[in-house]
Amino acid sequence: MSRLPVGFAGSLDSITLRLRLPSFPLVSFSTTKPKSTPLHFTRCPVAAMPQNSDHSHRHRSLEVIGGGRESFVGALKDLERPYCAFPVIGWNRHVETIFAAWFRSLPEVRYRRECVRMEDDGVVALDWVAEEDRRIAAEAPTLILLPGLTGGSGDTYVRHMLMRARNRGWRVVVFNSRGCGDSPVSTPRFYSAGYTGDLCQVVKHVSGRYPQSSLYAIGWSIGANILVHYLGQESYDCPLSGGVSLCNPFNLPIADEDFRKGFNNIYDKALSSSLRKIFKKHIPLFEDIGGDYKITLAANAKTVREFDEGLTRVSFGFKSADDYYFNASSSVLIKDVRVPLLCIQAANDPIAPARGIPRQDIEENPHCMLIVTPKGGHLGWVAGPEAPFGAPWTDPFVMDFLEHLESSSKTSPCPSEPKVISVSTKDAHPVEV
């Protein structure tokens with residue numbers, strides 16, 4: 001999810017955000033950042049979560065399940081600490097979601113962009129950290145980041161994760177989908193929540209460039225859905241060594257149903273506005289396209305569903321938006337994932353409902369582990385030592401999980417057969433745009 005255009009602008013040092021929400025008649029907080037003295041609070045409200053039979057290695061405020069739980073939980077030592085939502089901001093899911101989207105700090109990163117041509121002549125943009133190859137060894141692990149809907153390499157949660165991985169010696173690249181992050185659009189097709197073709201070619205391209213490097217991926221929101229969909233499709237043949245899914249909507253029909261209720265309409269309008277903006281920039285590509293496309297509906301869409309009905313579902317061959325949402329849901333494929341996968345969700349996420357989490361399939365899959373926090377909103381998680389303006393609570397856990405996988409692969413006495421990935425210029429090649 002990108003920054004939400006909720007109708008105001010100004011300096012982060014002086015703005016006061018006022019929101020009317022269902023649970024708080026009026027919420028007002030200043031966004032003035034502390035200049036030298038950090039804020040300290042001793043009170044830590046802990047919500048009750050569903051209880052596991054084994055309480056070891058995790059605090060009672062967290063739900064931790066999954067068939068791979070025993071394999072991975074020992075590497076995440078901080079799970080023994082309570083989840084402490086930041087006062088006021090972290091107590092309401094909408095306040096937290098909007099605060100994180102607008103006011104989380106934005107680390108400075110200098111990118112080097114590479115545009116890569118896809119099989120259908122579409123183009124995606126890969127943003128690498130500038131001059132990274134001079135400092136990082138060829139065999140260092142590589143991390144591919146997949147932002148949320150309409151998001152890109154400029155989003156705060158992406159940059160915080162990028163900086164953390166980079167500081168640990170990892171090579172990082174941000175995968176900007178077609179039209180996102182100012183990625184060029186060269187065909188009358190954007191991307192969808194379940195289309196994995198572009199990701200498949202990007203993985204091959206990156207692997208071909210760094211054949212000595214282990215590959216991992218992190219996805220947020222729709223990016224997480226695409227990633228899990230890809231992991232399930234590739235199954236035993238997956239070239240990635242592990243993945244992390246954050247705020248995944250999983251079951252898109254359920255997510256769509258909740259997305260159109262109450263305060264969620266604000267997010268719906270914001271995201272449909274972003275989709276319209278991308279579409280109108282490239283509307284000449286759709287002139288006289290014919291078929292089942294509803295160009296006028298897409299160009300004037302007031303909701304994400306209207307945009308998907310007019311454009312997305314037609315581009316990817318679905319009969320209706322409902323048909324698209326059902327088939328694009330990663331919940332139906334998570335049972336087929338065969339590489340280590342960490343999923344982190346917030347119980348109060350307004351965009352990725354907790355009732356859509358495929359808990360049983362995660363429990364039965366020995367490669368998966370799920371952490372559910374009592375608070376967090378959508379891409380918020382304003383908690384932990386860096387709250388309220390720093391990195392999300394999730395980032396240290398994600399990095400610990402990935403480094404555990406990487407170190408385990410290096411020390412395993414019986415390494416599995418190396419995966420050989422063939423790359424052809426037909427699949428993907430750099431282009432000048």
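Residues numbered from 1 in each chain as written. Predicted model: local features only at pLDDT ≥ 70, side-chain atom pairs only at ≥ 80, totals over all residues. Heavy atoms only, no water.

## What about helix α9 (residues 304–315)?
Three- or four-residue spacings in an α-helix give side chains the same orientation, since the helix completes a turn every 3.6 residues. Counting buried positions along α9 yields ten of twelve residues, so the element is predominantly enclosed. Among all positions in α9, only Val304, Phe307, Asp308, Glu309, Gly310, Leu311, Thr312, Arg313, Val314 and Ser315 are buried. As for α9, its buried residues are in contact with α6 (252–259), α7 (264–281), α8 (295–299) and α10 (321–328). One or two steps after α9, the chain reaches Gly317, where phi turns positive at roughly 80°. (Buried < 20%, exposed > 50% of the residue type's maximum accessible area, 1.4 Å probe, protein only. Helix = DSSP H or I, 4+ residues; strand = E, 2+ residues; numbered from the N terminus. Contact = heavy atoms within 4.5 Å.)

## Here's the deal with the environment of Lys77
With respect to the helices and strands, Lys77 occurs in the loop between α1 (69–72) and α2 (93–103). Separated by 320 residues in the primary sequence, Lys77 and Phe397 have C-alpha atoms spaced 8.7 Å apart.

## Regarding the nonpolar core
Counting 75 residues, the largest nonpolar core has Phe190, Leu231, Leu240 and Ile334 as its most contacted members. Among residues more than four places away in sequence, those in contact with Leu231 are Cys238, Leu240, Asp336, Val337, Val339 and Leu341. Formed by 42 residues, the second largest nonpolar core is a distinct cluster that contains Leu79, Tyr83, Val158 and Met399. (Core = buried A, V, L, I, M, F, W, Y, C linked by side-chain atoms within 4.5 Å.)

## Section: the packing of α7 against α9
Running from N to C, α7 and α9 cross one another at 35°; their axes reach a closest spacing of 8 Å. Between α7 and α9, the contacting residues are Asp268, Leu271, Ser272, Leu275, Arg276 and Phe279 on the first element and Val304, Phe307 and Leu311 on the second. Residue composition of the contact of α7 with α9, by class: six nonpolar, one polar and two charged. (Axes fitted to C-alpha atoms, helices over the stretch in contact; angles between N-to-C directions. Nonpolar A, V, L, I, M, F, W, Y, C, P; charged D, E, K, R; others polar.)

## Points about the pattern of salt bridges
In total, this model carries 24 salt bridges according to the counting rule given. The salt bridge partner of Arg168 is Asp400, with a shortest N-O separation of 4.0 Å. Residue Arg168 is located in the loop between α3 (156–167) and β7 (171–176), and its partner Asp400 is located in helix α12 (residues 394–411); the two are separated by 232 residues in the primary sequence. One connected set of salt bridges, linked through shared partners, spans Asp120, Arg178, Arg189 and Asp198. (Salt bridge = Lys/Arg side-chain N within 4 Å of Asp/Glu carboxyl O.)

## Some details on empty space enclosed by the protein
With the rule as written, the count across this model stands at six cavities of 30 Å³ or more. By volume, the largest cavity is sized at about 470 Å³. Forming the walls of the largest cavity are 28 residues, and the residues nearest its centre are Leu149, Ile222, Val304, Asp308 and Tyr325. Looking at the lining of the largest cavity, its residues break down into 19 nonpolar, four polar and five charged. (1 Å grid on protein atoms, 1.4 Å probe; cavity = no way out; pocket = protein on both sides within 12 Å on 5 of 7 lines; lining within 4 Å. Points joined across faces, edges and corners; volume = space filled by probe spheres on them.)

## A closer look at the pairing of strand β5 (residues 123–129)
Look at any regular strand and the pattern is simple: side chains alternate between the two faces of the sheet. The buried count for β5 comes to seven of seven residues, which makes it a mostly enclosed element. Of the two faces of β5, the one carrying Val123, Ala125, Asp127 and Val129 and the one carrying Val124, Leu126 and Trp128 are both buried. Where strand β4 (residues 111–117) lies against β5, seven bridges are found, and the strand directions are antiparallel. In the strand pairing of β5, Arg113 is matched with Asp127. Hairpin geometry of β4 and β5 is characterised by an intervening segment of five residues between the two adjacent antiparallel strands and by a positive phi of about 75° at Asp121. Pairing geometry for β5 and β7, over four bridges, is antiparallel. Bridge pairing in β7 links Ala125 to Asn176. (Pairing = 2+ DSSP bridges.)

## Notes on unusual backbone geometry
Here Ala387 and Pro388 are connected by a cis peptide whose omega angle stands at 5°. Within the secondary structure, Pro388 is located in the loop between β11 (368–373) and α12. For Ser221, which is not glycine, the phi dihedral falls at a positive 55°. Of note, Ser221 is situated in the loop between β8 (215–220) and α5 (222–234). At Asp288, a residue that is not glycine, the phi angle is positive and equals roughly 55°.

## A closer look at the environment of Lys281
Along the chain, Lys281 falls in helix α7. Take Lys281: its relative accessible area is 54%, and that puts it in the exposed class. Sequence separation between Lys281 and Val185 is 96 residues; the distance between their C-alpha atoms is 9.2 Å.

## Description of the packing of helix α4 (residues 197–209) against α5
In the contact formed by α4 and α5, the axes pass within 10 Å of each other and the chain directions differ by 75°. Relative to α5, the element α4 lies roughly perpendicular. Here Leu199, Cys200 and Val203 of α4 come into contact with α5, specifically with Ile226, Leu227, Tyr230 and Glu234. For the contact of α4 with α5, a count of residues per class yields six nonpolar, no polar and one charged. (Parallel < 35°, antiparallel > 145°, perpendicular 65-115°, else oblique.)

## Let's talk about the confidence of the model for the protein chain
For the protein chain, the mean per-residue pLDDT works out to 87, and 82% of the residues sit at or above 70. Counting interchain partners and residues more than four positions distant, the pLDDT-below-50 stretch residues 414–427 has 17 contacts. (pLDDT = per-residue confidence, 0-100.)

## Side note on the side chain of Asp256
With respect to the secondary-structure elements, Asp256 resides in helix α6. Judged by relative accessible area, Asp256 falls into the buried class, the value being 10%. In contact with Asp256, other than residues within four places in its own chain, are Arg305 and Tyr325.

## Quick word on the packing of aromatic side chains
Evaluation of the coordinates by the stated rule reveals 17 aromatic pairs. Centre to centre, the rings of Tyr83 and Trp393 are 5.1 Å apart; their planes meet at 70°, and the pair counts as edge-to-face. On the criterion of sequence distance, the pair formed by Tyr83 in the loop between α1 and α2 and Trp393 in the loop between β11 and α12 is long-range, its members being 310 residues apart. Judged by its relative accessible area of 1%, Tyr83 is buried. Judged by centre distance (5.5 Å) and plane angle (35°), the ring pair of Phe318 and Tyr324 falls under tilted. Tyr324 gets classed as buried once you look at its relative accessible area, which sits at 4%. Through successive ring pairs, a cluster of aromatic residues spans Phe190, Phe279, Phe286, Tyr293 and Phe307. One cation-aromatic arrangement involves Arg171 over Tyr210; the distance from NZ or CZ to the ring centre is 3.8 Å. When the ring centre of Tyr195 is taken as reference, the NZ or CZ atom of Arg189 above it lies at 4.9 Å. (Phe/Tyr/Trp six-rings, centres within 6.5 Å; stacked < 30°, edge-to-face > 60°. Lys NZ or Arg CZ within 6 Å of the ring centre and 35° of its normal.)

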